[in-house]
There are 2 protein chains.
Amino acid sequence: MDEEGRRVFRFFNEIGIINQLAGAIFAARLPGGLHVSHFALLNHLVRLGDEKTPLALASAFQVPKTTMTHTLAVLEKRAAIRLAPHPSDGRSKIVFLTDAGRKLHGDAIASMADPIRKITDDLGDGTISDLIPQLEKIRAYLDQNRGI
Amino acid sequence: MDEEGRRVFRFFNEIGIINQLAGAIFAARLPGGLHVSHFALLNHLVRLGDEKTPLALASAFQVPKTTMTHTLAVLEKRAAIRLAPHPSDGRSKIVFLTDAGRKLHGDAIASMADPIRKITDDLGDGTISDLIPQLEKIRAYLDQNRGI
DNA sequence: TGCATCTAGTTCGATATCGCATTACTTAGT
DNA sequence: ACTAAGTAATGCGATATCGAACTAGATGCA
């Protein structure tokens, strides 16, 4: 691996550590024993719309179908989502957000406001948000090159 | 949450997605059923030196002691590390890398060379590595503010 | 020294993740 | 229409993660 290769490797290493540290911060504040993966799914449904199939969600999160089955089962048990039969494909289902699910998502967002504010205050505006465009580019590239 | 807060939140979201996508790419290539967490530990020991205590490693990775106990047990079973009693503290242990462990790490690194090269080629030098300094700064901040 | 307190690591039980195989349904080809 | 191949979801078993409780050894203080 050449010099630039080692830097790229280092980049993913930093990404992993930041993800771990940030995950620990947020996980500790999520309401009602909500797991990060559960929140991530709620967030996806709120931001990008519900009425998705389980397989589409598994693909979006790059997790096996079985993992998504499990996550959906947990959120359904908490009444945060509702699973309805797919109207035109008897094998499939459609995931709907419930009002309780939207509220749970709102509560989770609110619970993160404090640490987010502190991070913003400490690091200064822009330190973090200036990086978003490049990260989006990298994320989009990786997303479009999954079999890599 | 204000505008900058939402951007910071978005940043961590992008970090999480990139981590997930990159993790999937690397996990698929790790030799001998090696798990990402196992590789991460080997990488830490190779890069920053072995002869650490389990607790120090758990702290470095921000994982519970129990998780580290498990990870170390797996790597010890594979003879990638060796656990010796701590010379001055009877409660503790010292983790040593074995030759097999160093080789396993080398094999893992080699297995990632191809995707790393493709990513570098496709995105162009600097697209990724230019971000490292800022990410280091953010990582260091989060590392020093764990109880946040 | 003696004892209360603290600390490193493990055990145990619960949940999350994931690969493999199965079931139910759809689609394609004849 | 019938059958083969493909696809969506699930059941099951194995491993990873993690919190609570426990054990053994270290430390602080009278």
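As the structure is a prediction and not an experimental result, all values here were calculated from the model. (Residues numbered from 1 in each chain as written. Chains lettered and ligands numbered in written order. Predicted model: local features only at pLDDT ≥ 70, side-chain atom pairs only at ≥ 80, totals over all residues. Heavy atoms only, no water.)

Colleague: What am I meant to see in the interface of chain B and chain A here?
Modeller: Interface extent is often summarised as the accessible area lost during association of the parts. At the interface, 58 residues of chain B touch 58 residues of chain A. When residues of chain B are sorted by the area they lose upon contact with chain A, Phe9(B), Ile18(B) and Ile148(B) head the list and together hold 11% of the total. Linking chain B with chain A are four salt bridges. The closest approach of N and O atoms between Arg10(A) and Glu136(B), which form a salt bridge, is 2.5 Å. Viewed at the interface, chain A and chain B are joined by 16 residue pairs in polar contact (both at pLDDT 80 or more). (Contact = heavy atoms within 4.5 Å. Buried area = accessible area lost by both parts, 1.4 Å probe. Salt bridge = Lys/Arg side-chain N within 4 Å of Asp/Glu carboxyl O. Polar contact = N/O pair within 3.5 Å; in protein donor to acceptor, adjacent residues only side chain to side chain.)

Colleague: Please explain the pattern of salt bridges as it appears in this structure.
Modeller: Side-chain pairing between opposite charges can occur once the charged atoms of the two side chains come close. Applying the stated criterion across every chain yields a total of 24 salt bridges over all chains. Arg102(B) serves as the salt-bridge partner of Asp50(B), at 3.8 Å between the closest nitrogen and oxygen. Placement of the pair is Asp50(B) in the loop between helix 2 (36–48) and helix 3 (54–61) and Arg102(B) in helix 5 (residues 99–123), with a sequence separation of 52 residues. For Asp50(B), a relative accessible area of 17% puts it in the buried group. A relative accessible area of 43% places Arg102(B) in the partly exposed class. A cluster of three or more residues bridged by salt bridges with shared partners is formed by Glu3(A), Glu4(A), Arg6(A) and Arg7(A). (Helix = DSSP H or I, 4+ residues; strand = E, 2+ residues; numbered from the N terminus. Buried < 20%, exposed > 50% of the residue type's maximum accessible area, 1.4 Å probe, protein only.)

Colleague: It is not clear to me how the relation of the copies chain B and chain A should be interpreted in this structure. Could you clarify?
Modeller: The relation between the two chain copies is a rotation about an axis coupled with a shift along that axis. Screw-axis analysis of chain B against chain A gives a translation of 0.0 Å along the axis, an RMSD of 0.1 Å, and a rotation angle of 180°. Such values leave the two copies arranged in the relation of a two-fold axis. By C-alpha distance to the rotation axis, the residue of chain B lying nearest is Ile15(B), at 3.1 Å. (Least-squares fit on C-alpha atoms with pLDDT ≥ 70 in both.)

Colleague: Please clarify how the protein's contact with DNA strand D should be interpreted in this entry.
Modeller: Residues in contact with DNA strand D amount to 22 residues; listed here are only the nearest, Pro54(A), Leu55(A), Thr66(A), His38(B) and His70(B). In DNA strand D, the atoms that sit within 4 Å of the protein are 67% sugar and phosphate, with bases accounting for the remainder. Between His70(B) and DNA strand D, the recorded distance is 2.7 Å, taken from a side-chain N or O atom to a phosphate oxygen. Those elements that place two or more of their residues in the surface near DNA strand D are helix 3 (54–61) and helix 4 (65–77) of chain A together with helix 2 and helix 4 (65–77) of chain B. Top contributing element to the surface near DNA strand D by residue count: helix 4 of chain B, with five residues. Taken together, the residues that form the surface near DNA strand D break down as five nonpolar, 12 polar and five charged. (Near = heavy atom within 4 Å. Nonpolar A, V, L, I, M, F, W, Y, C, P; charged D, E, K, R; others polar.)

Colleague: What should I look at first to understand the packing of helix 3 of chain A against helix 4 of chain A in this one?
Modeller: In helix packing, the relevant descriptors are the interaxial angle and the interaxial distance, both defined with respect to the helix axes. Residue and element names in this part refer to chain A. Two elements in contact, helix 3 and helix 4, have axes whose closest approach is 9 Å; the angle formed by their N-to-C orientations is 110°. As far as their axial angle goes, helix 4 and helix 3 are roughly perpendicular. For helix 3 against helix 4, the interelement crossing comes out right-handed. For the pair helix 3 and helix 4, the contacting residues are Pro54, Leu55, Leu57, Ala58 and Phe61 in the first and Lys65, Met68 and Leu72 in the second. Residues that form the contact of helix 3 with helix 4 fall into these classes: seven nonpolar, no polar and one charged. (Axes fitted to C-alpha atoms, helices over the stretch in contact; angles between N-to-C directions. Parallel < 35°, antiparallel > 145°, perpendicular 65-115°, else oblique. Left-handed = near helix turned anticlockwise from the far one by under 90°.)

Geometry only, nothing functional implied.
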